[in-house]
Amino acid sequence: MIALFLLLTTAQALGAEPGADIKINAIAVEPGNVFDPSIPSESWWLFRGANALHTTTRAGVIKRELLFKEGDPFNADLMTESERNLRRLDFLRHVEISVSTLAGGPKNVAVKTRDAWTLEPQADFSRVGGKNSWKIGVVDRNFAGQGKSLSAFYHNGITQNTNAVFYRDKQFLNTHLDFSAGVDVQDNSRQYGVSLKRPFYATITPYSAGGSANVKEENLPLYSGGVEIGRFKKIHREAALSYGRSISPSVATTRQTTLTLRRAREDFEPIDASPANILPAGNDTGIIEINGGWQKIEFIKERHIQKFDRDEDYNLGPGVSLALGIGPKWLGTSSSQILPSASARAGRSWGRGHFAFIETKAGSRILKERTNNLVWSTKAQHYYQRRPNQTFAIHVAYAHGYRLDQDHLLTLGDDSGLHGYAIGQFAGDRRLLVNLENRLFFADDVFHLMSFGGVIFFDSGNAWTGDRPGGFLGLKNAVGVGLRIAPSRSTRNEPISIDFAYALNDNLKGSRLVVSITSGFHFGEPISFVGAQ
């Protein structure tokens, strides 16, 4: 039923700017393989063999991401946004849209893309906080050139092991529907999920809609008087439906509202001979979520920020988002609750390679008896490139909590931005983190295979509770250097990060020198976007 509704409404046409007289005459899509044989250094037998093994992205996959078609009025903003949308597809390494004018005014549009290598073995190893983690598997993010993602892996994690299979199709049934399904089996749990949605895939998208369902089963210990007396199974079932509208959609500003209905059920069952009379009672939760956001579209295109040789898009336009979740008893919720949240952000650019942004968020859970888990946070990031191959980055973040439950405490350690310290070593209802990095990009696309870089960094921060003053005075510090190695033709172009950090304070380890091996930059928090973009 949901799929039929989404398919019917997907056929609605997108609007164009009124009064536009110049038409698009023709659109030529030219997908390119991973290596370009017209370049002599990319035409030798190894690269030709890789091209033969790789299925080039189908032209139809690329064309479905364009926000215009033959015969439409020409709109330069939609050309630029289409290029950004294509760059979001991580199986495309390079995207270029060019326009030529015919006699009389009509436009011909050429869309040229270059693929990344999408069939990748997953053989990752990381060491964070003195603990090892490794993963092995395979992923194809552009299966058969159709833009579909299929992955399977085994992960020997820090806390438990995982087997997982995941499938995603962002152009389900050749539409803008986004379908995903996955299975995740861990030592003491298993999870199944499926989702079908039509997102706000562009600034001019008039509506969004979707649904999802998820089931998770966990085997947990059962305690009595501090002693484990058996085990029980926790079964969590959840389903959601959502519908959103864009108010006066345009390429300059988005104003979007979304209504979501969530229903969840938790049941508890004994395992073996475990006593059932002391198990928690099953409970139901029903939540109505109302979300509204406004975002001004002011994108900049940069390089050497989070990736090596790829163009990166950042929206620095101001934006705000307000959300309210209500859990009334008439929806089956065991205890009525209100879940408000809000966020705001803004950025500024001072020219190519020099920009900053600031973002603040607040959220809480209000019950009849009390307000708890209220968290306010703010962060700022600043990037400055003194020269093309060097980026200086600053990240400052502060979070303040009120009446936090034990499992909602703010933690800080090697896994959350403070190099050299144990995972979650510091915890409380206040948290401050400062990161300074000087990133060096030594060489891009060496031998058309690898990119190399390095970093010099300084971290400072702490997490503490309000009844123990002195958090600002007791900041924990670390210095270090790192190496960055990125496969230049891979999908994500994210580097392997090898960091050598020295903790300037007690880190609860045998040595203050800590080596971490991870993927990506892991610098502060990712830039988020309010609304469609």
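What you see is a predicted model, and the numbers here were worked out from it, not measured in a lab.

Caption draft 1: Spotlight on the overall build of the protein. Helix and strand counts for the protein stand at four helices and 27 strands. Within the protein, the proportion of its 533 residues that are buried is 43%. Long-range pairs, those at least 24 residues apart, make up 57% of the contacts in the protein with a sequence separation of at least 6. As displayed, the protein has an accessible area near 26100 Å², and 59% of this comes from carbon and sulfur atoms.

Caption draft 2: Focus on the confidence of the model for the protein. The predicted model of the protein has a mean per-residue pLDDT of 86, with 86% of residues at 70 or higher. Per-residue pLDDT, averaged within each element of the protein, yields its smallest value for helix 1 (residues 2–10) (44) and its largest for helix 3 (residues 59–63) (96). With pLDDT under 50 throughout, residues 1–19 is counted as low confidence; its partners more than four residues away or in other chains account for 32 contacts. Considering only residues more than four positions removed or in separate chains, one finds that residues 526–533, a stretch of pLDDT under 50, has 37 contacts.

Caption draft 3: Structural view of the nonpolar core. Counting 16 residues, the largest nonpolar core has Ile27, Leu66, Phe68, Leu86, Ile97, Val109 and Val111 as its most contacted members. Breaking this core down by element, the ones donating at least two residues are strand 1 (24–32), helix 3, helix 4 (76–87), strand 2 (92–101) and strand 3 (107–115). Once residues within four sequence positions are removed from consideration, Ile97 is found in contact with Leu66, Met79, Ser82, Glu83, Leu86, Val109, Ala110 and Val111.

Caption draft 4: Examining the sheet that holds strand 2 more closely. Read from one edge to the other, the open sheet built from three strands follows the order 1-3-2, with strand pairing classed as mixed. Strands at the two margins of the open sheet, each flanked by one partner only, are strand 1 and strand 2. Within the sheet, the average angular offset between the axes of one strand and its neighbour, ignoring direction, is 15 degrees. Of the strands in this sheet, strand 1, strand 2 and strand 3 are in contact with helix 4, which crosses strand 2 at around 165 degrees.

Caption draft 5: Molecular detail of the pairing of strand 2. Relative to strand 3, strand 2 runs antiparallel, the two sharing nine bridges. Bridged to Ser100 within strand 3 is Asn108. Taking the residues between adjacent antiparallel strands as the criterion, strand 2 and strand 3 are bridged by five residues, where Gly104 takes a positive phi near 95 degrees.

Caption draft 6: Main features of the packing of aromatic side chains. As enumerated under the stated definition, the model contains eleven aromatic pairs in all. Summarising the aromatic geometry, the rings of Trp44 and Trp45 are spaced 5.9 Å apart at their centres and angled 80 degrees between planes, so their arrangement reads as edge-to-face. Following the ring pairs from residue to residue traces out a cluster consisting of Phe35, Trp44, Trp45 and Phe47. The ring of Phe74 carries Lys107 above its face, with NZ or CZ at 5.3 Å from the centroid. Against the face of Tyr207 rests Arg198, its NZ or CZ located 4.0 Å from the ring centre.

Caption draft 7: Highlighting the pairing of strand 23 (residues 430–446). Note that strand 20 (residues 390–402) and strand 23 share eleven bridges and pair antiparallel. Within strand 23, the residue paired with His395 across the bridge is Asn435. Between strand 23 and strand 24 (residues 450–464), which pair antiparallel in sequence order, lie three residues; one of them, Phe447, sits at a positive phi of approximately 55 degrees.

Caption draft 8: Just the pattern of salt bridges, in detail. Overall, the coordinates contain 25 salt bridges when judged by the stated rule. Glu70 is paired through a salt bridge with Lys63; the nearest N and O atoms lie 3.3 Å apart. According to the relative accessible area criterion, Glu70 is partly exposed, its value standing at 35%. The salt bridge involving Asp309 is made with Arg310; its shortest N-O contact spans 3.7 Å. Owing to a relative accessible area of 11%, Asp309 belongs among the buried residues under this scheme. Overall, the relative accessible area of 5% leaves Arg310 in the buried class.

Analysis parameters
- Residues numbered from 1 in each chain as written.
- Predicted model: local features only at pLDDT ≥ 70, side-chain atom pairs only at ≥ 80, totals over all residues.
- Heavy atoms only, no water.
- Helix = DSSP H or I, 4+ residues; strand = E, 2+ residues; numbered from the N terminus.
- Buried < 20%, exposed > 50% of the residue type's maximum accessible area, 1.4 Å probe, protein only.
- Contact = heavy atoms within 4.5 Å.
- Areas by Shrake-Rupley, 256 points an atom, 1.4 Å probe, with all protein chains shown as cover.
- pLDDT = per-residue confidence, 0-100.
- Core = buried A, V, L, I, M, F, W, Y, C linked by side-chain atoms within 4.5 Å.
- Pairing = 2+ DSSP bridges.
- Axes fitted to C-alpha atoms, helices over the stretch in contact; angles between N-to-C directions.
- Phe/Tyr/Trp six-rings, centres within 6.5 Å; stacked < 30°, edge-to-face > 60°.
- Lys NZ or Arg CZ within 6 Å of the ring centre and 35° of its normal.
- Salt bridge = Lys/Arg side-chain N within 4 Å of Asp/Glu carboxyl O.

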